[in-house]
Amino acid sequence: MTPTPLDQTLDRANSDVVLVVDDVPDNLAVLHDALDESGYTVLVATSGEAALQRAQQALPDAVLLDAMMPGMDGFEVARRLKADPRTAPIPIIFMTGLTETEHLVAALESGGVDYVTKPIKPKEVLARMNVHLQGARRARQEARQAGQARNALDAFGYASITVRVSDGRLMWQTALARDLLQRYFGTSAPVTPEPVVDWLRRHLAEAQAAIEPPRLSFDQGSRRITFRLHQQTGDSEGGGDWLIVMQEVSDEAVIEAMSFSFKLTAREAEVLYWVVKGKINRDIGDILGASPATIKKHLERVFAKLGVETRTAAAAMAMNRIRQLNPQFEG
C-alpha cells in the first residue's frame, strides 16, 4: 500500500504548519511548546538534510531556521529551499545568535524574509511569524485564483504560459502549452522561444498602457499558433511577469475542443464538426469512412448530449462554442 504524502495528512484547514529547524533539542522544545499552545501544527528537524526532506514532504506554511548548524548550515538550507519551485514560496525566518551585519545580510540574501536573535523569545517569534504567514496566505490565495483562471483557459482549448521580461525565462506553463512549444519551436522550460520574447519586449509599453498589441502567429502546415498578451502577473520590476495565451487553430484542435466542451467521444465530435460545416450524413460517412446509418447513430447521441433535437440546433450550439474558442473559425 502506497503511503499518503505527508502534506495531504496535515489538517491545514484548521492549523498552519510550521517547520522548526535547530540542532539544539532544548531550543526545539521551547519553540515546539510555544507554537503548539498557539494552535500551530509543529514539525521539527535537527539537521539541514532532515530539514530539506521534511520541507519537501510536508510543504509547511513557514520555516523557523537556525542559521548556524553543523554540516549543512541554515544559509545553504534556505538557498536549496528557494531553488525548488515547490518550496520556494515558503517564508523562512532565521534564528541566529550572530548579530553582525554580514550574517544578517547573508540570512536575507539566502532567502530569509526575517530573523530573530537568540536567546529565542517565543512571543517575538510568534508575532513576527504571524505577519509573514498572513502574507503567505494572501499569496497562496492569489496563486490559486490565478491557477484556476489559467487552468480554465487550458481546458477550453487555450494554452497559457508566464514569461519574465527581464531575462525571458519561462516561469510557468500548462500541459497543452508545453506540447505546443515543443511541437512548433522545439523548446522546453525554462527556455521561451526567442521570437516570443522579442515580441513581448517590443510591445511591452503598449501592454503596460492597457493597449492590446498585435498578436503573434506562426504557421505549421495546416495549423497555426497564435500568441496574445493577457495580463501582467508579477510585479513591474524589470518589466514583470506576463501571462501569454496561446491558441492553435486547426480542424483537429476544434474537434478536440468540442469533444471536451460537450463531453463527446472523438468520433461524435468529428461528426458534429462536419455537421457544422454543412455536410449531410452521406458526405460525413464518406469523409470518416462510415455508413450513413452509423453517422445517424452518432448524431443521435450528439443530440442527446447537447440536449437538442435537430441538426440546426446542434450546429448553432457548436458554432457558438467554437467561435468562443476560435474566433477565426469559419463554418
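Whatever comes next refers back to the structure up there.
Residues numbered from 1 in each chain as written. Predicted model: local features only at pLDDT ≥ 70, side-chain atom pairs only at ≥ 80, totals over all residues. Heavy atoms only, no water.

## Some remarks on the pairing of strand β4 (residues 92–96)
Thought 1: Across the five residues of β4, five count as buried, placing the element largely inside the fold.
Thought 2: Bridge count for strand β3 (residues 62–66) against β4 is four bridges, and the pairing is parallel. When the sheet's bridge partners are listed, Asp66 is paired in β4 with Met95.
Thought 3: In this view, the connection linking β3 to its parallel neighbour β4 by way of helix α4 (residues 74–83) has right-handed handedness. (Buried < 20%, exposed > 50% of the residue type's maximum accessible area, 1.4 Å probe, protein only. Helix = DSSP H or I, 4+ residues; strand = E, 2+ residues; numbered from the N terminus. Pairing = 2+ DSSP bridges. Right-handed = clockwise from strand over helix to strand, strands pointing away.)

## What about unusual backbone geometry?
Thought 1: The step from Lys118 to Pro119 runs through a cis peptide bond, and the omega angle for that step is 0°.
Thought 2: Topologically, Pro119 is positioned in the loop between β5 (114–117) and α6 (122–155).
Thought 3: With an omega of 10°, the peptide bond running from Ala189 to Pro190 counts as cis.
Thought 4: Considering the arrangement of structural elements, one finds Pro190 in the loop between α7 (175–185) and α8 (194–202).
Thought 5: Despite not being glycine, Lys263 has its phi angle at roughly 55°, a positive value.
Thought 6: As for its position among the elements, Lys263 is in the loop between α10 (251–262) and α11 (266–276).
Thought 7: Lys263 sits in the exposed class, given a relative accessible area of 67%.

## Points about the packing of helix α3 (residues 48–58) against α4
Packed helices, taken two at a time, are described by their axes: the angle between them and the distance between them.
Thought 1: Contact geometry for α3 and α4: axes closest at 10 Å, N-to-C directions at 25°. As summarised for this structure, α3 and α4 are arranged roughly parallel, according to the angle between their axes. The handedness of the crossing between α3 and α4 comes out as right-handed. Residues Gly48, Ala51, Leu52 and Ala55 of α3 form the contact with α4, whose participating residues are Val77, Arg80 and Leu81.
Thought 2: Taken together, the residues that form the contact of α3 with α4 break down as five nonpolar, one polar and one charged. (Axes fitted to C-alpha atoms, helices over the stretch in contact; angles between N-to-C directions. Parallel < 35°, antiparallel > 145°, perpendicular 65-115°, else oblique. Left-handed = near helix turned anticlockwise from the far one by under 90°. Contact = heavy atoms within 4.5 Å. Nonpolar A, V, L, I, M, F, W, Y, C, P; charged D, E, K, R; others polar.)

## Overview of the environment of Arg178
Thought 1: Looking at the secondary structure, you find Arg178 in helix α7.
Thought 2: For Arg178, a relative accessible area of 43% puts it in the partly exposed group.

## Details of the environment of Pro60
Thought 1: The residue Pro60 is located in the loop between α3 and β3 in this model.
Thought 2: Taking C-alpha positions, Pro60 is 8.4 Å from Thr87, a pair spaced 27 residues apart along the chain.

## Section: helix α12 (residues 281–288)
Side chains that are three or four residues apart share a direction in an α-helix, a result of its 3.6 residues per turn.
Thought 1: All of the buried residues in α12 are Asn281, Ile284, Gly285 and Leu288. Each buried residue of α12 lies within a common arc of 105° when the element is viewed along its axis, so the set occupies one face. Summarising the geometry of α12, the exposed residues directed more than 90 degrees from the buried face are Arg282 and Asp286.
Thought 2: Directly after α12, the chain includes Gly289, whose backbone phi takes a positive value near 70°. (Arc of directions from axis to C-beta.)

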